[in-house]
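Chain and residue survey
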Amino acid sequence: MERQPLALAKLPPIEGQQNLLSHHGDVQKFEGLTGPSYLLQSNKYQLPPPRALKPYVDTRAGELDTWPAHASGNATSSKAVVLTKNKNLVVISDEELGKPQMVPKPRFLEQLETFLKKELRALGVTNVEANELRLQAHREAFEYLIEDFKTYKPLLAAIKNEYEMMLASQRQHIRELEPLKQMLVTVSEQCDQKIMALHEEEKQEVKDLRAENKSLYRKIEEMRNQQKDLEEQVSKLHNELAAEYQRYRDECDARKLLVADINDLRYQQEDYQMSKKNLQQLEEEHEDPLTLKIALRKAREDEKAATQRLNEMVADYGDVIPRRDFEALESKYNKLVEEQETSLDDFRKLQAEHNALLDVNKQIVQQRDEFYVESEKLRRNATPRPDWDRCADYVQGGVMRWKELSEGKTSNELVDVLLQEMASGGVGDGGGAEYFDGQGTGPEVPPYLRCEGHVRNRRLGKRDCALLIKDIWREKSAQDAESPDGKRSSLAEFLYTYLTRKFGLEQMVVEWGYNLHDALQRYSHDESLGLFWGVLTGEVDEEVYHSQLQIMANLVNHLTKVDVEKGNPGKLSREEFQQVLKEFFPQIPEDRLTRLMKAVDIELETKEADELEYKNLFMEDDEGKTGPFLEEVKKYTDDQKEEYVDNIISALGDVTSVSVDDLKKAIATTDPEIDQRNMDKYILWTFKCEPDKLGSAEPLKISVVKERLKKGDLHRIGKRA
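Criteria and thresholds
- Residue numbers run consecutively from 1 along every chain, following the written order of its sequence.
- Residues qualify for local features only when their pLDDT is at least 70, as the model is predicted, and side-chain atom pairs are given and counted only at 80 or more; totals for whole chains, interfaces and linings, by contrast, use all residues.
- With hydrogens and water excluded, all non-hydrogen atoms of the structure serve as input to the side-chain values.
- When a carboxyl oxygen of Asp or Glu lies within 4 Å of a side-chain nitrogen of Lys or Arg, that pair is called a salt bridge.
- The helix and strand labels rest on DSSP assignments: H or I over at least four residues marks a helix, E over at least two residues marks a strand, and numbering proceeds from the N terminus.
- For each residue, the accessible area found with a 1.4 Å probe, counting protein chains only, is set against the maximum for its type, and the residue is called buried under 20%, exposed over 50%, and partly exposed in between.
- Like-charged residues are merged into a patch within 9 Å and nonpolar side chains (Val, Leu, Ile, Met, Phe, Trp, Tyr) within 5 Å, provided each residue has over 30% relative accessible area and no salt bridge.
- Accessible surface is estimated by sampling points in the Shrake-Rupley manner with a 1.4 Å probe; for residues, cover comes only from the protein chains shown.
- As used throughout, the charge tally considers Lys and Arg to be positive and Asp and Glu to be negative, leaving His and the chain termini uncounted.
- Every charge is mapped onto a representative atom, which is NZ of Lys, CZ of Arg, CG of Asp or CD of Glu.
- Nonpolar cores are built from buried Ala, Val, Leu, Ile, Met, Phe, Trp, Tyr and Cys residues. Side-chain atoms within 4.5 Å join them into one set.
- Any pair of residues with heavy atoms lying within 4.5 Å of one another is described as a contacting pair.
- When two rings of Phe, Tyr or Trp (its six-membered ring) have centres within 6.5 Å they constitute a pair, described as stacked for plane angles under 30 degrees, edge-to-face for angles over 60, and tilted for the intermediate range.
- A ring is scored as having a charge over it whenever the NZ atom of a lysine or the CZ atom of an arginine sits within 6 Å of its centre and within 35 degrees of its normal.
- Only the stretch in contact is used when a helix axis is fitted, and all axes are lines through C-alpha atoms; the angle between N-to-C directions ranges over 0 to 180 degrees.
- Roughly parallel covers angles under 35 degrees, roughly antiparallel covers those over 145, roughly perpendicular covers 65 to 115, and oblique covers all other angles.
- Each crossing gets its handedness from the near helix: less than a right angle anticlockwise from the far helix is left-handed, clockwise is right-handed.
- Only Asp, Glu, Lys and Arg are considered charged in this grouping, and only Ala, Val, Leu, Ile, Met, Phe, Trp, Tyr, Cys and Pro are considered nonpolar; every other residue, Gly among them, is considered polar.

This next bit is on the pattern of salt bridges. Under the definition given, this model contains 31 salt bridges. A salt bridge links D713 to K681; the nearest nitrogen and oxygen atoms lie 3.5 Å apart. In this pair, D713 is assigned in the segment after α19 (702-710) and K681 in helix α18 (residues 676-687), connecting sequence segments 32 residues apart. Here D713 falls in the buried class, since its relative accessible area comes to 10%. You can call K681 partly exposed: its relative accessible area is 26%. Each of the salt bridges in this network shares a partner with another, and the network as a whole consists of K476, D480, R488, E542 and E543.

A word on a negative patch on the surface. Side chains of E201, E202, E205, D208 and E212 sit close together on the surface and give a patch of like negative charge. The residue D208 is located in helix α4 (residues 153-286) in this model. Its relative accessible area of 43% is what places D208 among the partly exposed residues.

A few words now on the nonpolar core. Counting residues in each nonpolar core, the largest one holds 36 residues, and the members touching the most others are C465, I469, I472, L516, L520, F532 and L536. Contributions of two or more residues to this core are made by α9 (462-481), α10 (491-503), α11 (506-522), α12 (527-537) and α13 (543-565). With sequence-adjacent residues up to four places away left out, L536 is seen in contact with Y448, L491, A492, L495 and L520. I588, L593, V600 and L612 belong to the second-largest nonpolar core, a separate cluster that totals 23 residues.

A few words now on the packing of aromatic side chains. Under the counting rule described, the total for this entry stands at eleven aromatic pairs. On the basis of an interplanar angle of 65° and a centroid distance of 5.4 Å, the ring pair of F115 and Y144 is categorised as edge-to-face. Of this pair, F115 sits in helix α2 (residues 107-123) while Y144 sits in helix α3 (residues 132-148), and the two are 29 residues apart along the sequence. Judged by its relative accessible area of 15%, Y144 falls in the buried class. When the ring of W473 is compared with that of F532, the centres are 5.4 Å apart and the planes differ by 90°; the resulting orientation is edge-to-face. A residue pair is termed long-range when its members are at least 10 positions apart, and W473 in helix α9 and F532 in helix α12 qualify at 59 residues. When sorted by exposure, W473 lands in the same class as F532, which is buried. Taken together, the ring pairs connect W473, F532 and Y545 into an aromatic cluster. The residue whose ring lies beneath K688 is W685, and the NZ or CZ to ring-centre distance is 3.3 Å.

With that out of the way, let us pick up the environment of F494. Within the secondary structure layout, F494 lies in helix α10. Considering only alpha carbons, one finds F494 and Y448, 46 residues apart in sequence, at a separation of 9.3 Å.

Turning next to the packing of helix α16 (residues 628-652) against α19. Between α16 and α19, the least distance of the axes is 10 Å, while the angle of their chain directions is 155°. On the basis of the axis angle, α16 is roughly antiparallel to α19. Remark: the crossing between α16 and α19 carries right-handed chirality. Every residue of α19 that contacts α16 at K641, E642, V645, D646, I648, I649 and L652 is listed here: I702, K706, L709 and K710. Looking at side-chain class alone, the contact of α16 with α19 contains six nonpolar, no polar and five charged residues.

Note that I551 resides in helix α13. Sequence separation between I551 and F584 is 33 residues, and the spatial gap between their C-alpha atoms is 9.6 Å. I551 has contacts with F584 and T637, leaving out every residue within four places of it along the chain.

What follows deals with unusual backbone geometry. We note that R459 has phi near 50°; this positive angle belongs to a residue other than glycine. Inspection of the secondary structure puts R459 in the loop between β6 (454-456) and α9. In this structure, K688 takes a positive phi of about 55° despite not being glycine. With a relative accessible area of 40%, K688 lands in the partly exposed category.

Before going further, it helps to examine a nonpolar patch on the surface. On the surface, a cluster of nonpolar side chains totalling about 340 Å² of accessible area is made up of L177, L180, M183 and V187. Tracing the backbone through its elements, the reader meets M183 in helix α4.

Written out as structure tokens, the structure is:
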């Protein structure tokens, strides 16, 4: 079977380079397999003519060049990098260096390489890089190679055609992408121009916004200054109002005392008249009726004159004050006159500011009118809401407990809360019998209650009770401070001494003792009155009261120390105040610290103020009541003590009775850093015995131990684990 010759389309020569191929004009055209043939396994194969095998080479010799296989590694000359005199690196082949070939190449291969090098030098593309001229030269050398290898010519020609088609396709693809590239460059330039234009437009807008921002900042600063001035005025007015209110309370108290003195005088006058009447009756039985009649007339005239004089004295001097009070008021008046002159200067300055505030006031009035109209609409459409805060005066625990009970509850839920308080007896009652029954004169009865018979019920109010208790604490603290051994006396014994010193008469001592005892029972839900009642009955350690005062005093000292370091301005910043609280209560959590700061804002009537007048937080009224801040501090210390007691009870384990040794081990486990003095104090309070009888103390129930620990003066000595 004969093979058909394959036609090979040659590429056109490079323009301007036709003279390079002029020496190849005698190339024989390939005319097919017309040469000799040979048999292989009974198959005949035809060969091309001999002259077509090696063009431009002598083929008449009939010899085939051979080349050893081990010489393939030296088929191409090696290259080296040489540093020139100009300090440039140049790549030079072995041939340029003059090195001979170790193994001679076949003649045809050597001719092809020589031809390729000449073509590359002639075209000026000796450097290895992508170039059309280098491709044309290698294409011609590859065509000669295809022409010589007749056996592989179809395969090599197909490979070459595939490469040529691929190159043509890539060139066409590049030509199609050229317009897109130009268009992309144009669009990119247009977008850049638009972006620059937008930047130019926004520059002016940014400048305007910055100027407006600065003006708004200045306006805010002015409003802050105005707010500070108004707050200062309000503070001054508060102080003046507090002073006037204090004067009013003092006058009321003086009036009550005067009324009591008048009543006592009236009772004495009635007793005197009764005794006088009895005396007259006795005299009438033994003396002359005429003489007695004259004496009676004279006594009546004297009594009438004395009564008239007394009425004149009451009418003339009822509104007169003592001279020392007049002098104190006169000095205070002079001081107020000076302050009034200073205030006039401040008023003139404030008047100028007032004119500036009128514009703001107009806006606020307009908003108020709008809100008022809206409020009226809502009032007509909505059901009236009851004033639930009025219930705080009748619920045990006062305002703070009512806030805890009513927080977040609806009206129906608040009604349920009130019903529960009424069912449990939590609503106060001001009634009572006209007289108390005496408890006797036995040793088991406190000294101030030792009486037989009936005692008049004065129905002592909460305020009078609080004032009396405050005075009792003050007198007792002074007496204990003068004690030579440093021990505190019993409150029950001191109360009898106090009442005796204050009222003198035994009947008045007992009467006030019973009325105070009754008032403390009725108002035991109040924190301060309940503490006094617990100490009086022996259920609460008196050191609890003094420990609370000591904590407040230490906290004031810490704040004052920081204040003095700043120059004693009387104020602390919010951050400094929080830092002092963290140092004073090292283990206070963040939520409790937030609650303390919230109580500060409520008491000082400020909201997130930069500076705080901390001294106003430690004020108390004439009844001994403190503000929300100190109430929150007391609540935190009570929670700390309750947690400490719970840890001690947990350390005791599942026991029904607790001995002295058990309690000591539990306290030492809970608080390893406790000293012996505090340990003994806790043990003696819990078992209610003297130090010499502590070894024979009977075990107590765990419930009794827990209750006594909670009512004792306990606090953790070391750090919490």
